[in-house]
Amino acid sequence: MSGDRARIDYALRLGDDALVLGQRLGEWCGHAPMLEVDLGLANIALDLIGQAQHFLAHAGALEGHGRDADKLAFRRDVLDFKNCLLVEQPNGDFAQTIARQALFSTWHELMLQRLQGSSDTAIAAVAQKAVKEVAYHASFAREWVVRLGDGTAESRQRMVDGLDWMWRFVDELFAMDLVDQAMAEAGVGVDKSTLRPEWDHLIDAMLAEATLERPAPRRGVMGGREGRHSEHLGHMLSEMQFLQRAYPDAVW
Amino acid sequence: MSDPKKEWPLWEVFVRAKNGLSHKHVGSVHAADDRMAIEAARDTYTRRMEGVSLWVVPSAAIVASDPAEAGPLFEPAEDKVYRHPTFYVVPDNVKHI
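### Overview of the overall build of chain A
- Within chain A, the regular secondary structure consists of 12 helices and zero strands.
- Seen in sequence order, chain A has helices and strands lined up from the N terminus as α-α-α-α-α-α-α-α-α-α-α-α.
- In terms of overall dimensions, chain A is globule-like: its C-alpha atoms have a radius of gyration of 18 Å, near the 18 Å expected for 252 residues.
- Counting every position in chain A, which comprises 252 residues, the buried fraction comes to 54%.
- Of the contacts formed within chain A by residues at least 6 apart in sequence, a portion of 79% connects residues at least 24 apart.
- As presented, chain A carries roughly 11,000 Å² of accessible surface, and 55% of it is formed by carbon and sulfur atoms.
- Each charge class in chain A can be summarised by its mean position, and for the 26 positive and 38 negative side chains these summaries are 2 Å apart.

### Some remarks on unusual backbone geometry
- In the Ramachandran plot, A:Asp249 falls in the positive-phi region, its phi being about 65° despite a non-glycine side chain.
- Structurally, A:Asp249 can be placed in the segment after helix H12 (242-246).
- Unlike most non-glycine residues, B:Met49 shows phi in positive territory, near 60°.
- Counting through the fold element by element, B:Met49 comes out in the loop between helix H1 (34-45) and strand S3 (53-58).

### Description of the interface of chain B and chain A
- Chain B puts 12 residues into the contact, and the matching count from chain A is 11 residues.
- Interface area for chain B against chain A, summed over the two sides, is near 1,300 Å², with a carbon-plus-sulfur share of 55%.
- The three residues of chain B that bury the most area against chain A are B:Trp8, B:Met36 and B:Asp43, which together make up 38% of that side's buried surface.
- At the boundary of chain B with chain A, the tally comes to two salt bridges.
- Across the salt bridge formed by A:Glu143 and B:Arg35, the nearest N and O atoms sit 3.0 Å from each other.

### Quick notes on the pairing of strand S1 (residues 10-16) of chain B
Residues and elements named next belong to chain B.
- With five of seven residues buried, S1 is to be regarded as a mostly interior element.
- Across six bridges, S1 lies against strand S2 (residues 24-30) in antiparallel orientation. From the neighbouring strand, Phe14 faces S2, where its bridge partner is His25.
- Looking at chain direction, S1 and S3 are connected through six bridges and run antiparallel. Opposite Val15, over in S3, you have Leu54 as the bridge partner.

### Comments concerning the nonpolar core
Residues and elements named next belong to chain A.
- Core analysis: the largest hydrophobic core is formed by 89 residues, its most contacted members being Tyr10, Leu103, Leu115, Met159 and Trp199.
- Looking at this core, the element that brings in the most residues is helix H6 (residues 121-149), giving 13 residues.
- Excluding its chain neighbours within four sequence positions, the residues that come into contact with Tyr10 are Met111, Leu115, Ile123, Val179, Asp180, Met183, Val188, Gly189 and Val190.

### Some words on helix H11 (residues 231-240) of chain A
All names here are of chain A.
- Those residues of H11 not exposed but buried are Leu233, Met236, Leu237 and Met240. Relative to the axis of H11, the buried residues are bounded by an arc of 100° and lie together on one face. In H11, the exposed residues that point more than 90 degrees away from the buried face are Glu231, His235 and Glu239.

### Focus: the side chain of A:His108
All names here are of chain A.
- With respect to the helices and strands, His108 occurs in helix H5 (residues 94-115).
- Judged by its relative accessible area of 6%, His108 falls in the buried class.
- Non-local contacts of His108, meaning those with residues more than four positions away in its chain, are made with Leu48, Gln51 and Val134.

### Let's talk about the packing of aromatic side chains
All names here are of chain A.
- What the rule picks out here adds up to eight aromatic pairs over all chains.
- Between Phe94 and Trp144, the aromatic rings sit 5.2 Å apart at their centres with planes inclined by 85°, giving edge-to-face as the arrangement. In this pair, Phe94 sits in helix H5 while Trp144 sits in helix H6, placing the two residues 50 residues apart along the sequence.
- Note on Phe94: relative accessible area 11%, which makes it buried.
- A relative accessible area of 8% places Trp144 in the buried class.

Rules and cut-offs
- Residues numbered from 1 in each chain as written.
- Chains lettered and ligands numbered in written order.
- Predicted model: local features only at pLDDT ≥ 70, side-chain atom pairs only at ≥ 80, totals over all residues.
- Heavy atoms only, no water.
- Helix = DSSP H or I, 4+ residues; strand = E, 2+ residues; numbered from the N terminus.
- Rg over C-alpha atoms; globule rule 2.2 N^0.38 Å.
- Buried < 20%, exposed > 50% of the residue type's maximum accessible area, 1.4 Å probe, protein only.
- Contact = heavy atoms within 4.5 Å.
- Areas by Shrake-Rupley, 256 points an atom, 1.4 Å probe, with all protein chains shown as cover.
- Lys, Arg positive; Asp, Glu negative; His and termini not counted.
- Charge placed at Lys NZ, Arg CZ, Asp CG, Glu CD.
- Buried area = accessible area lost by both parts, 1.4 Å probe.
- Salt bridge = Lys/Arg side-chain N within 4 Å of Asp/Glu carboxyl O.
- Pairing = 2+ DSSP bridges.
- Core = buried A, V, L, I, M, F, W, Y, C linked by side-chain atoms within 4.5 Å.
- Arc of directions from axis to C-beta.
- Phe/Tyr/Trp six-rings, centres within 6.5 Å; stacked < 30°, edge-to-face > 60°.

Written out as structure tokens, the structure is:
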């Protein structure tokens, strides 16, 4: 694999994680359980879409074919998306959304902390700005896991079910393939496998405070980084990309 | 409306716009506890860089004056113009007074 292709893929992975989760959270807008939560989720969605814009613009510039962030977001097919499977999972109920957010944002914060030192100055600059935003996302989501887990019998059951749904997508966050290895060696990326102990520690502390058990271990599902997605992503993109597909290059 | 007993408690939100100014009441949020009230206040009232510090206070802890007593409480001040410090010139560059 050429170094250039790996570097483009790496920027796409970072951008697609943020874009897909931002779009998912946007689905809550106007539907969240409380006005305050509605605003909170929309704030997080907008933070993530802002990050996606920067990472995708960088990927487009590296690629050099004239594709900007909008083209990559709205005119790319599902098989070309490089996000992890966790972020494309359906919102489900509020607890399932919070489970996804706590697992992802805890990982995302650890990633961005390391990426601040990336030898790719564009990636380092985005990470420096994004790490503060994501620290809030992680704390918001983990606080909610505690409230729901240690809440009523119903909120607890929903939190258990939400974590159970998302847990099979955790291993993929830490998996290292050829792109990841090449980028880690080049000083651009992160050896994600080294993040696991700290992630485990943070998640276990959250579960203990929420009086919840760690979900039973299971075989991790992988493939998102290579474009092998769950059925959910295609449906999400058909809605997200509708306008630019139906009216190419439409502007406000 | 949903059952009020099932609603989260109400919290009054105060924002300090910048250091040196006092916290000002800006509105209220519903939240299950104090930590969540701070987060809800942050998301609701400081999204556009409105502040550098937040206070939340349980609305139930606020003691309000009785509107029926407004006459005895406030009207006696109406004709006491000498209590206003209007006989001083305020320098132009004094902003927060």
